[in-house]
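Descriptive structure summary
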Amino acid sequence: MTSIWMDGELVPADEARVSVLAHTLHYGVGVFEGIRSYERADGSAAVFRLDDHLRRLDESARICGLAVPFDRKTLVAACLEVLEENGLRDGYLRPLVYQDDASLGGLGTSPPVHVAIAASPWGAYLGEEGLTKGIRVHVSGYRRPSLGSSLSKAKICGQYVISTLAKRLALSQGFDEALLTDDAGYIAEGTGENLFIVKDGVIKTAPASAPILPGLTRATILHIARRGAEELGLADIREDNITRGELLVADEVFLTGTAAEVTPVREVDGQPIGRGKAGQVTMALQKAFFEIVRGEGSAPAHWRTSFGALVR
Ligand code: PMP
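Structure report, in brief. (Residues numbered from 1 in each chain as written. Predicted model: local features only at pLDDT ≥ 70, side-chain atom pairs only at ≥ 80, totals over all residues. Heavy atoms only, no water.)

Our focus in this paragraph is empty space enclosed by the protein. Under the counting rule described, the total for this entry stands at 2 cavities of 30 Å³ or more. Lining the largest cavity are R36, Y38, F48, H53, L216, T217, T258, F289 and V293. Going through the elements one at a time, β4 (35–39), α6 (216–227) and α9 (280–293) are the ones with two or more residues in the lining of the largest cavity. Residue composition of the lining of the largest cavity, by class: 5 nonpolar, 3 polar and 1 charged. Both of domain 1 (3–122) and domain 2 (128–278) provide at least three residues apiece to the lining of the largest cavity. Considering the residues around the second largest cavity, the lining is formed by L21, A22, H23, H26, Y27, D101, S103, L104, G105 and G106. (1 Å grid on protein atoms, 1.4 Å probe; cavity = no way out; pocket = protein on both sides within 12 Å on 5 of 7 lines; lining within 4 Å. Points joined across faces, edges and corners; volume = space filled by probe spheres on them. Helix = DSSP H or I, 4+ residues; strand = E, 2+ residues; numbered from the N terminus. Nonpolar A, V, L, I, M, F, W, Y, C, P; charged D, E, K, R; others polar. Domains from an automatic or database assignment.)

Okay, structure coming up:
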């Protein structure tokens, strides 16, 4: 990583610093996004659902009462500039809205709001083999905080403590990822992914009313599934709660997220899912997803923001 965009300027990565007294560092009131760009066969590239991600960033900030000090157009240009500056086609963007401070102001203060945008190369988040063969997951003892005790629809820095600890625990126990239940015991989502199951031609994911982050990849997969239901052999597409029992006897399970893309799950707590390998519907959805993000499949025009057409 060579350059980071900070409040309107490109700064060398090792000079992109905040104060150790930054309010966000102490209390977690900050918001962020994770966004990917994909290279196309002709050497150009496009950021996937950039506008939707920046809209969620703004909404996350508003949920925290933070006013993002740059408009959407500026942030779109900044994201593209960071990718270009760092020579990235297949890249991962991390915009962060945070409150910096130079004094120990305490909870009640609301220091100035800043924006930083970093970019780096990022391959398959859950491993190349995970994308083709499926991953092994663990149902965590950590729960997704309830709607009453968290702001689960927003990507707020402090809310990632539970996800981080659940992920670290799962990795230390030899799993690839953790699933979190909600307070009622339903399986809500992964630490940074939404969850889908497929059973007898019915595809299901937790509803937006559950304490999940309603991911943009989740929405993309629902779009692909609805559009190609017949071809995919799907009898129904549901947004409904998923029990642990349903998860264990599903024909197929997969996770979706900007980082995880569409990753099959082959095992839950040591029990094989279906035949213990990536499922057919999962892989068909994954194929359609990659075709869309790489500019080969048809998709709403605003989903792909092109850049880098002339520079190579
Ligand atoms: N749930 C959580 C908790 C997440 O952090 C993410 C990643 N942003 C997702 C789901 C998936 O969201 P998206 O598809 O928009 O990346």
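So much for the structure itself; the text now carries on.
Quick reminder: α-helices carry 3.6 residues per turn. Residues three or four places apart thus point the same way. Over its 14 residues, helix α3 (residues 72–85) extends 20 Å from the first C-alpha to the last, a length consistent with the 20 Å expected when each residue adds 1.5 Å. All of the buried residues in α3 are L75, V76, A78, C79, L80, V82 and L83. Just downstream of α3 lies G87, where phi reads positive at about 65°. (Expected span 1.5 Å × (residues − 1). Buried < 20%, exposed > 50% of the residue type's maximum accessible area, 1.4 Å probe, protein only.)

Let's shift gears to the pattern of salt bridges. According to the stated counting rule, one finds 16 salt bridges in the structure shown. In this structure, the salt-bridge partner of R56 is E33, at a minimum N-O distance of 2.7 Å. Pair noted here: R56 is in helix α2 (residues 50–63) and E33 is in the loop between β3 (31–32) and β4, with a separation of 23 residues, a long-range link. Both residues of the pair, R56 and E33, count as buried. A salt bridge links E239 to R218; the shortest N-O distance between them is 2.8 Å. One end of the pair, E239, is in strand β13 (residues 236–239); the other, R218, is in helix α6, and 21 residues separate them in sequence. (Salt bridge = Lys/Arg side-chain N within 4 Å of Asp/Glu carboxyl O.)

With 14 residues, α9 extends 20 Å from end C-alpha to end C-alpha; this agrees with the ideal 20 Å at 1.5 Å per step. Of all the positions in α9, only V281, T282, L285, Q286, A288, F289, F290, I292 and V293 are classed as buried. Remark: G295 follows α9 within two positions and exhibits a positive phi of approximately 80°.

Looking at the ligand, there are 15 residues lining it, with Y160, E189, L216, T217 and T258 nearest. One nitrogen or oxygen atom from the side chain of E189 is found 2.8 Å from a nitrogen atom belonging to the ligand. Within the complex, 96% of the 380 Å² of free accessible area of the ligand lies under protein. The cavity where the ligand resides is the largest pocket. Of the residues belonging to the shell around the ligand, the class tally is 3 nonpolar, 7 polar and 5 charged. (Near = heavy atom within 4 Å. Polar contact = N/O pair within 3.5 Å; in protein donor to acceptor, adjacent residues only side chain to side chain. Areas by Shrake-Rupley, 256 points an atom, 1.4 Å probe, with all protein chains shown as cover. Sits in = over half its atoms within 2 Å of the grid points.)

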